[in-house]
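# Fold and contact review
For reference, the chains in residue letters:
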Amino acid sequence: MSTAFRYWQLVTIDAAGKRKIQEITPAKTFFAAQFPEYTAENGVPDAKVQRELLQLSRADTTDRSYLAERCLLCLISWQIEQVCWQLEAQFGKAHGFNCSNLLPYVLDDDGKFPQTGSYQSLGRKILSSFEPEKSHLATWINIKVKQHPELNKFLLELGLYRVTDWAILNDTLPKKLQQILRDFHSLTSKEGADFLALLKSYQEIYKSQRLQQCSLGNKGICPQPTTQQLEQIALSLQSQIGQRLENETVITQLQRLAAYLREYRIYNQSRCLPKVREYPVDIAAVENNDENENEQMEFLQLYREQFFVCLEQALDIVVSSWVKKLQRKKGDKAQIFLKALQLFHCQQMSMTEIAQSLSLRAQDAVTRLMKLKEFRADVQREFVKMLCDRVTDLARNYSDAKCLKNLDQQLASILHTQSSILFREAEIKSRTVKNNLPDSLFSQKLCRYLDSLDV
């Protein structure tokens with residue numbers, strides 16, 4: 001669910017390459033007329049609204065279709081930015097980049113409509129190639145941004161090669177493998193021969209089945225080999241090396257081989273080696289691992305519900321804790337703190353205005369009282385801890401013991417990434433409180449909680 005303003009505000013960059021928000025007034029007017037039930041402050045059921053806008057945009061070439069398209073392009077710009085935040089959260093620290101470094105590659109929409117000239121922005125490419133019967137728009141945006149050639153070229157120069165192990169193994173030529181392992185990694189002839197046998201068995205089973213699936217239109221990220229595929233690979237490998245390996249050994253060796261190839265490719269294309277040996281799991285890849293689409297959708301629905309519940313409960317825990325601490329101090333600081341939170345997040349007052357309203361000395365007194373950064377960090381910590389426990393419990397109903405063990409290892413990283421996007425949005429909004437931007441989800445939930453306290 002998105003907030004409505006994302007359908008008429010475009011995230012773009014200025015001439016200096018800095019992020020800016022451009023309001024498209026005709027799109028705002030059109031959206032209000034088309035969906036009068038949703039105001040800027042309301043959440044919007046994206047699936048319903050996008051379906052209607054898409055039908056309008058593709059119906060003809062009238063002003064209405066152009067405006068519907070513009071609303072979708074505005075939303076796409078926000079989601080493109082979210083993908084960049086996700087990339088920063090997952091890989092930025094290890095590879096030395098942030099979201100701002102990525103935006104110039106993917107935010108190239110000039111906000112005009114209808115399109116003029118032959119140049120197609122990334123947003124228009126995403127929209128024109130989107131097939132609603134095959135994918136969700138958010139999923140399609142995620143894929144297309146992460147496949148963007150110039151963006152990936154930039155990331156590769158930083159030593160980040162965002163291709164799954166299984167895709168690397170698919171497109172490696174066996175005749176090239178031994179040369180790489182011998183000349184680049186200095187492995188012995190025996191090690192090289194064993195890995196060559198492994199690659200041939202992998203491609204005989206996994207790659208051939210993958211190509212069959214692709215020919216039926218089932219594309220997307222290469223998932224981890226299934227248990228059945230691993231058994232088939234092990235059986236094929238046994239015929240070559242005369243030894244039967246356990247499935248866990250097979251997959252460990254496949255990942256080891258992929259790591260060798262990844263290092264070689266990064267060096268070959270960027271002349272630098274990877275800075276980290278571990279490559280965080282792509283959330284999209286984890287989602288695609290579920291073979292049962294209905295179960296996946298059900299799980300995601302439950303996950304989203306828990307996402308909001310945990311955020312509300314984390315706010316309750318942290319606000320209560322901070323109030324108790326302040327109640328131990330002189331004066332009515334606890335009540336002033338709650339009121340300051342309400343004025344800042346719900347009434348979008350500046351620190352100076354809050355100081356005047358609460359008869360505090362100056363804005364720095366408000367800043368010290370609210371400690372917004374520390375407050376958000378406390379909420380995020382409680383939120384991730386709580387959500388991790390809840391999602392693990394949920395996953396027990398959908399995963400077998402082995403999958404659950406793997407999920408446990410990935411979950412904290414995934415949820416931290418998800419929460420980073422949420423709290424980063426709250427941080428951005430806190431900096432731009434006077435720009436008339438609607439509240440972040442964080443502020444919305446906090447305001448609802450403060451209302452319940454009758455602050």
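The structure we're discussing is the one just above.
Residues numbered from 1 in each chain as written. Predicted model: local features only at pLDDT ≥ 70, side-chain atom pairs only at ≥ 80, totals over all residues. Heavy atoms only, no water.

### Remarks on the overall build of the protein chain
For the protein chain, the count of helices and strands is 20 helices and four strands. The long-range share in the protein chain, meaning contacts at least 24 apart out of those at least 6 apart in sequence, stands at 68%. (Helix = DSSP H or I, 4+ residues; strand = E, 2+ residues; numbered from the N terminus. Contact = heavy atoms within 4.5 Å.)

### Comments concerning the packing of aromatic side chains
Applying the stated criterion across every chain, the model contains 14 aromatic pairs. With centroids separated by 6.1 Å and ring planes inclined at 70 degrees, the aromatic side chains of Phe337 and Phe375 adopt a geometry described as edge-to-face. In this pair, Phe337 sits in helix α15 (residues 333-346) while Phe375 sits in helix α18 (residues 372-395), placing the two residues 38 residues apart along the sequence. Phe375 sits in the buried class, given a relative accessible area of 0%. (Phe/Tyr/Trp six-rings, centres within 6.5 Å; stacked < 30°, edge-to-face > 60°. Buried < 20%, exposed > 50% of the residue type's maximum accessible area, 1.4 Å probe, protein only.)

### What to know about the pairing of strand β2 (residues 9-13)
By the criterion of burial, β2 is predominantly enclosed, with five of the five residues buried. Side chains Gln9, Val11 and Ile13 project from β2 onto one buried face, and the interleaved Leu10 and Thr12 project onto a second face that is buried too. Strand direction decides the pairing type here: β2 and strand β3 (residues 19-23), joined by five bridges, are antiparallel. Bridging from a neighbouring strand, Thr12 pairs with Lys20 of β3. As consecutive antiparallel partners, β2 and β3 are separated by five residues, and within that stretch Gly17 has a phi angle of approximately 85 degrees, a positive value. (Pairing = 2+ DSSP bridges.)

### Things to note about unusual backbone geometry
In the Ramachandran plot, Gln348 falls in the positive-phi region, its phi being about 55 degrees despite a non-glycine side chain. Of note, Gln348 is situated in the loop between α15 and α16 (351-357). One non-glycine residue with positive phi stands out, namely Ser359, at about 60 degrees. Considering the arrangement of structural elements, one finds Ser359 in the loop between α16 and α17 (363-370).

### Let's talk about the side chain of Glu81
Here Glu81 lies in helix α3 (residues 63-95). A distance of 2.3 Å separates the side chain of Glu81 from the side chain of Arg19, its partner in a polar contact. Among residues more than four places away in sequence, those in contact with Glu81 are Val11, Arg19, Cys99 and Leu103. (Polar contact = N/O pair within 3.5 Å; in protein donor to acceptor, adjacent residues only side chain to side chain.)

### Here we look at helix α6 (residues 137-146)
By the burial criterion, the buried members of α6 are Leu137, Ile141, Asn142, Val145 and Lys146. Down the axis of α6, the buried set is contained in an arc of 160 degrees. They therefore lie on one face. (Arc of directions from axis to C-beta.)

### Some remarks on the packing of α3 against helix α5 (residues 122-129)
Contact pair α3 / α5: the axes reach a minimum separation of 9 Å and the direction vectors enclose 110 degrees. Accordingly, the angle class assigned to the pair α3 and α5 is roughly perpendicular. In this structure, α3 crosses over α5, and the sense of that crossing is right-handed. Two secondary-structure elements touch here, α3 through Glu69, Arg70, Leu72, Leu73, Ile76 and Ile80 and α5 through Leu122, Gly123, Arg124, Ile126 and Leu127. (Axes fitted to C-alpha atoms, helices over the stretch in contact; angles between N-to-C directions. Parallel < 35°, antiparallel > 145°, perpendicular 65-115°, else oblique. Left-handed = near helix turned anticlockwise from the far one by under 90°.)

### Structural notes on the nonpolar core
Judged by nonpolar contacts, the single largest core of 51 residues is most densely connected at Phe31, Leu53, Ile80 and Phe97. Of all elements in the fold, only β2, α1 (25-34), α2 (46-59), α3, α4 (99-106), α5, α6 and α7 (149-157) reach the threshold of two or more residues within this core. If sequence neighbours within four positions are ignored, Phe97 has contacts with Leu87, Glu88, Phe91, Gly92, Leu102, Phe154, Leu155, Leu158 and Leu160. Listed in part, the 44 residues of the second largest apolar core include Phe307, Phe337, Met370 and Phe375. (Core = buried A, V, L, I, M, F, W, Y, C linked by side-chain atoms within 4.5 Å.)

### A word on the state of the cysteines
Counted by the stated rule, this structure contains one disulfide. Disulfide pairing places Cys346 opposite Cys447 at an S-S distance of 2.2 Å. Across the disulfide from Cys346 to Cys447, rotation about the S-S bond amounts to roughly -115 degrees, and the bridge is consequently left-handed. Residue Cys346 is located in helix α15, and its partner Cys447 is located in helix α20 (residues 441-452); the two are separated by 101 residues in the primary sequence. (Disulfide = S-S within 2.5 Å.)

### Brief notes about the pattern of salt bridges
Under the definition given, this model contains 13 salt bridges. Between Glu69 and Arg124 there is a salt bridge, with the nearest N and O atoms lying 2.9 Å from each other. Linking Glu69 in helix α3 with Arg124 in helix α5, this pair joins segments that are 55 residues apart in sequence. The partner of Glu312 in a salt bridge is Lys445, with the nearest N and O atoms 3.1 Å apart. (Salt bridge = Lys/Arg side-chain N within 4 Å of Asp/Glu carboxyl O.)

### A few points about the side chain of Asn142
With respect to the element layout, Asn142 can be found in helix α6. Relative accessible area serves as the criterion here: at 13%, Asn142 is assigned to the buried category. At 3.2 Å, the side chain of Asn142 forms a polar contact with the side chain of Lys146.

### Some remarks on α17
All of the buried residues in α17 are Ala365, Val366, Leu369 and Met370. Projected down its long axis, α17 shows its buried positions confined to an angular sector of 120 degrees, all on one face. Lys371 lies just past α17 and shows a positive phi near 45 degrees.

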